[in-house]
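Listed below, chain by chain, are the residues.
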Amino acid sequence: MIPTPHIEAKNKGDFAKTVIMPGDPLRAKLIAETYLKDIKQVNSVRNMLGFTGTYKGKKLTIMAHGMGIPSAGIYTAELFNNYDVDQIIRIGSCGSYVPEIKVYDVLLVTESYCESDYIEIVTGEKTRVATPDANLTAHIAKTADSLSLPVTQAKVHCTDVFYRKNFDDYIKIHSEHGCKAVEMETVAIFANAKAYGKKAACLLTVSDSLVTKEVTSSQERQNSFTKMIEIALASA
Ligand SMILES: O=P(O)(O)O[C@H]1O[C@H](CO)[C@@H](O)[C@H]1O
Ligand SMILES: O=c1cc[nH]c(=O)[nH]1
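Quick notes on the rules
Residues numbered from 1 in each chain as written. Chains lettered and ligands numbered in written order. Predicted model: local features only at pLDDT ≥ 70, side-chain atom pairs only at ≥ 80, totals over all residues. Heavy atoms only, no water. Near = heavy atom within 4 Å. Polar contact = N/O pair within 3.5 Å; in protein donor to acceptor, adjacent residues only side chain to side chain. Areas by Shrake-Rupley, 256 points an atom, 1.4 Å probe, with all protein chains shown as cover. Helix = DSSP H or I, 4+ residues; strand = E, 2+ residues; numbered from the N terminus. Salt bridge = Lys/Arg side-chain N within 4 Å of Asp/Glu carboxyl O. Buried < 20%, exposed > 50% of the residue type's maximum accessible area, 1.4 Å probe, protein only. Nonpolar A, V, L, I, M, F, W, Y, C, P; charged D, E, K, R; others polar. Pairing = 2+ DSSP bridges. Phe/Tyr/Trp six-rings, centres within 6.5 Å; stacked < 30°, edge-to-face > 60°. UniProt positions renumbered as here; feature names shortened; annotations may be inferred. Core = buried A, V, L, I, M, F, W, Y, C linked by side-chain atoms within 4.5 Å. Contact = heavy atoms within 4.5 Å.

Enquirer: Quick one: what's the story with the site of ligand 2, residue by residue and with numbers?
Expert: Taken together, Ser 93, Cys 94, Gly 95, Phe 162, Val 182, Glu 183, Met 184, Ser 207, Asp 208 and Leu 210 make up the full set of residues near ligand 2. Take Gly 95: an N or O atom from its main chain is 3.3 Å from a nitrogen atom of ligand 2. At 2.8 Å, a side-chain N or O of Asp 208 approaches a nitrogen atom of ligand 2. When ligand 2 sits alone it has 240 Å² of accessible area, and the protein chains cover 85% of it. Breaking the shell around ligand 2 down by element, the ones donating at least two residues are β5 (87–96), β9 (181–183) and β10 (199–209). Here the shell around ligand 2 gets three residues from one element, more than from any other, and that element is β5.

See below:
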């Protein structure tokens, strides 16, 4: 049924079959205004902004999913289930858990481990590891290669908790689960894609390092975000 409680668009056709999703609504607006032609705003409920337009002649939607598994879970479920979206590519930021992954690197997520029961609740599978669509992920890797924009494939930790009691938990999470970076939404997006028989993948830019405590400057962050956005747009 549309509209949904969280998306006001009245027609399924207001959305493209591929939706690129940053976390931040203002980033969604900026990306749409910078890269898409003939843009139409398709959502403003709770300011979770979404825009549909064309990129190099192809219909494409850019919409934010907010922060955390519950928020991303709501928007991606409604896009897949109510608006017949076929694939979602998340473009976000992450913190590095290992010295070899440096700030400004772009990661392509291969697996996502969480401490939450979200995957079992939506798919029935008793697991804490969600995976992106293998074909879409391989296609993004190939596209990045063709653009000469390097990406590092990595398993990530999809956490519910940004501010933990023990900051150094990341060392154990890395050694026990092989996670090389942390973010907060992939599990919801990958599990929903599985639940609704759709596709999802995720590109991340490293915004900070838990190992070296480095943080990014806004200018450099913008440059590395641009690379990730261009890979996602060219893959869509
Ligand atoms: O850059 P975005 O997509 O917001 O992603 C990361 O940043 C937020 C935390 O600051 C979390 O949502 C995390 O996943
Ligand atoms: O979720 C996130 C995103 C960026 N950096 C972090 O430390 N955590």
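Enquirer: Run through the pattern of salt bridges, naming residues and quoting values.
Expert: This model, assessed by the stated rule, comprises ten salt bridges. In this structure, Asp 14 engages Lys 40 in a salt bridge whose closest nitrogen and oxygen atoms are separated by 3.0 Å. Linking Asp 14 in the segment before β1 (18–21) with Lys 40 in strand β2 (residues 37–43), this pair joins segments that are 26 residues apart in sequence. Judged by relative accessible area, which is 45%, Lys 40 ranks as partly exposed. In this structure, Lys 172 and Glu 176 form a salt bridge, with 3.7 Å as the shortest nitrogen-oxygen distance. Remark: Glu 176 and Lys 172 occur in helix α5 (residues 169–177); sequence separation between them is four residues, near one turn of the helix. Because the salt bridges share partners, they merge into one network encompassing Arg 90, Glu 183 and Glu 185.

Enquirer: Which residues make up the site of ligand 1, and what are the values?
Expert: Residues in close proximity to ligand 1 include Gly 23, Met 67, Arg 90, Gly 92, Ser 93, Phe 162, Glu 183, Met 184 and Glu 185, which together make up its full environment. A distance of 3.3 Å is found between an oxygen atom of ligand 1 and a backbone nitrogen or oxygen belonging to Gly 23. Glu 185 places a polar side-chain atom, nitrogen or oxygen, 2.5 Å from an oxygen atom of ligand 1. Ranked by residue count, the leading element in the shell around ligand 1 is β5, at three residues. When the residues that make up the shell around ligand 1 are grouped by side-chain class, the tally is three nonpolar, three polar and three charged.

Enquirer: Quick one: what's the story with the pairing of β10, residue by residue and with numbers?
Expert: Within a regular strand, side chains alternate between the sheet's two faces. The element β10 is extensively covered by neighbouring structure, given that nine of its eleven residues are classed as buried. Relative to β10, β5 runs parallel, the two sharing ten bridges. Note on β10: the bridge partner recorded for Ile 91 is Leu 203. By the bridge criterion, three bridges tie strand β6 (residues 106–114) to β10 in an arrangement that is antiparallel. Paired with Leu 107 across the strands is Leu 204, a residue of β10.

Enquirer: So what's going on with the packing of aromatic side chains? Which residues, and what values?
Expert: Summed over the entire model, instances satisfying the criterion amount to four aromatic pairs. Measuring from ring centre to ring centre gives 4.7 Å for Phe 162 and Tyr 163, while their planes differ by 75 degrees; the resulting arrangement is edge-to-face. Comparing Phe 162 with Tyr 163, the two get one shared label, exposed. With a centroid separation of 6.2 Å and 70 degrees between ring planes, the pair formed by Phe 167 and Tyr 170 is classed as edge-to-face. Relative accessible area serves as the criterion here: at 45%, Phe 167 is assigned to the partly exposed category. By way of ring pairs, the aromatic residues Tyr 97, Phe 167 and Tyr 170 are connected into one cluster.

Enquirer: Hey, could you go over the UniProt feature "domain: Nucleoside phosphorylase" (unreviewed entry) in the protein for me, with residue numbers and the actual values?
Expert: Mapped onto this numbering, the UniProt entry annotates "domain: Nucleoside phosphorylase" (unreviewed entry) at residues 18–222. Strand forms 32% of residues 18–222 and helix 33%; the C-alpha atoms that close the span are 23 Å apart.

Enquirer: Describe in detail the nonpolar core, supporting the description with residues and values.
Expert: Counting 69 residues, the largest nonpolar core has Phe 15, Met 63, Leu 79 and Leu 203 as its most contacted members. Here Leu 203 is in contact with Arg 90, Ile 91, Gly 92, Val 106, Leu 107, Leu 108, Ile 140, Val 151, Met 228, Ile 231 and Ala 232, once residues within four sequence places are set aside. Counting residues in each nonpolar core, the second largest holds seven residues, with Tyr 97, Tyr 113, Cys 179 and Val 182 among its members.

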